[in-house]
Amino acid sequence: MKTGKNREMIHLRKVLIIADPGVDDAFAIMYALLHPEIEVVGIVAEYGNVSQEVALRNTAYLLQLADKTDIPIIKGADKPLTGTNPEFFFDIHGAHGLGEIIPRIQTPDHDRFQKVYELIDTYGKDLTIINLSRFTSLALTYIQSESNIDEAGDVYVMGGAFFVPGNRTSVAEANVYGDPQAAKIVAAHGENVTFVPLNVSNRAVIPLDTMKKVAAENDTPFSKIIFPIMNYYSTQYESIIPGIDGAPLHDVTLFSYLMNPEDYKVVERQVSVNAIGPSQGLTYADFRPSPEYIESYPMHNIIIDFNQNAFIKDFVDIMTAN
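Now for the pattern of salt bridges. Under the definition given, this model contains 10 salt bridges. Notably, a salt bridge pairs R203 with D305, separated by 3.0 Å at the nearest N-O pair. Of this pair, R203 sits in the loop between α9 (198-201) and β7 (205-206) while D305 sits in strand β12 (residues 300-306), and the two are 102 residues apart along the sequence. E217 is the partner of K213 in a salt bridge, and the nearest nitrogen-oxygen pair spans 3.3 Å. Of this pair, K213 and E217 both sit in helix α10 (residues 208-217), separated by four residues, roughly a single helical turn. What makes E217 partly exposed here is its relative accessible area of 40%. Connected through shared salt-bridge partners, D286, R288 and E292 make up one network.

This is the structure:
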């Protein structure tokens, strides 16, 4: 891995992460922190896989392990815009969100949400916003009076399902279903949004033997937690999808796409979100050869396919680089 002076000589991709760690979020954060060409300038911790309090603590734990406690932790949303009680997934991610790992850390100091706008002011179009969790905090950046989100660069969101079933309901992906009103706001207002849906992320499976190799060859501050949290996560997925051999690292795909876009197939369409009724959380677009377009509605990028082997190789290379 390039460090020190060499790291300063390359162009670093500045990213603001919105996350709810959660095992796959944790791996995405680790990947970003270890990648020699990514500079994490802030992490918004919100509810989702886990409660906001647990997300704050797990974010601080990962930054502490990496000795990067100078990265701002920003307090995001703790419940959906719909006003309903949030649904957590401790059964999949563990009682503390990181499998059987229990972070021995207090809820950390954190910045107010205003810090998001300050980071956009600082970095402008050089800032990529990567949303790994529910859409609530991201939606707030579009609708609050002080919003300057249009001055930021690209926005990548882990969410949606096109041509494939949902993972929360038969039609809805979990991040969208968790706050469909927020997802609808992002889709309606986001001019530079890329959806990374289950079409890709469900197939971003790292086999357990590969993860053992990563853990054995990893010489980073994360080496002791990599296999324990993945082993727990894989066991839970095995009960859902027998024979899966590992588990999908949904959130890592966003960073892999950021750094290796040539390995991904992208189409441009207008994404809409159904926020109510039996199909709540459904994401849809017009994929006909000659689609109809909604006037004054933004266009979006949708990732519909990727090179799975290239994804796995990239993940292993970043996680084992010294």
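Additional details are given in the paragraphs that follow.
Right, let's get into the packing of aromatic side chains. Two aromatic rings are characterised by how far apart their centres lie and by the angle between their planes. Enumeration according to the criterion identifies 12 aromatic pairs in this entry. Summarising the aromatic geometry, the rings of Y233 and Y237 are spaced 5.1 Å apart at their centres and angled 75° between planes, so their arrangement reads as edge-to-face. In this pair, Y233 and Y237 both sit in helix α11 (residues 223-240), four residues apart, roughly one turn of the helix. Judged by its relative accessible area of 1%, Y233 falls in the buried class. Look at Y237 and you get buried, because its relative accessible area is 10%. Among the aromatic side chains, those forming a connected cluster through ring pairs are Y156, Y257, Y264, F306 and F311.

A residue-level look at the protein chain finds 97% of positions with pLDDT of 70 or above and a mean pLDDT of 93. Scored below 50 in pLDDT, residues 1-5 makes eight contacts in the model with residues more than four places away or belonging to other chains.

The terminal C-alpha atoms of helix α3 (residues 52-65), which comprises 14 residues, lie 20 Å apart, in line with the 20 Å expected from a rise of 1.5 Å per residue. Counting buried positions along α3 yields 11 of 14 residues, so the element is predominantly enclosed. Taken together, the buried positions of α3 are Q52, V54, A55, L56, R57, N58, T59, A60, Y61, L62 and L63. Among the structural elements, β1 (13-19), α2 (23-34), β2 (38-45), β3 (73-75), α4 (90-93) and α11 are those in contact with the buried residues of α3. The positive-phi residue at the C-terminal boundary of α3 is D67, with phi of around 55°.

Conventions used here
Residues numbered from 1 in each chain as written. Predicted model: local features only at pLDDT ≥ 70, side-chain atom pairs only at ≥ 80, totals over all residues. Heavy atoms only, no water. Salt bridge = Lys/Arg side-chain N within 4 Å of Asp/Glu carboxyl O. Helix = DSSP H or I, 4+ residues; strand = E, 2+ residues; numbered from the N terminus. Buried < 20%, exposed > 50% of the residue type's maximum accessible area, 1.4 Å probe, protein only. Phe/Tyr/Trp six-rings, centres within 6.5 Å; stacked < 30°, edge-to-face > 60°. pLDDT = per-residue confidence, 0-100. Contact = heavy atoms within 4.5 Å. Expected span 1.5 Å × (residues − 1).

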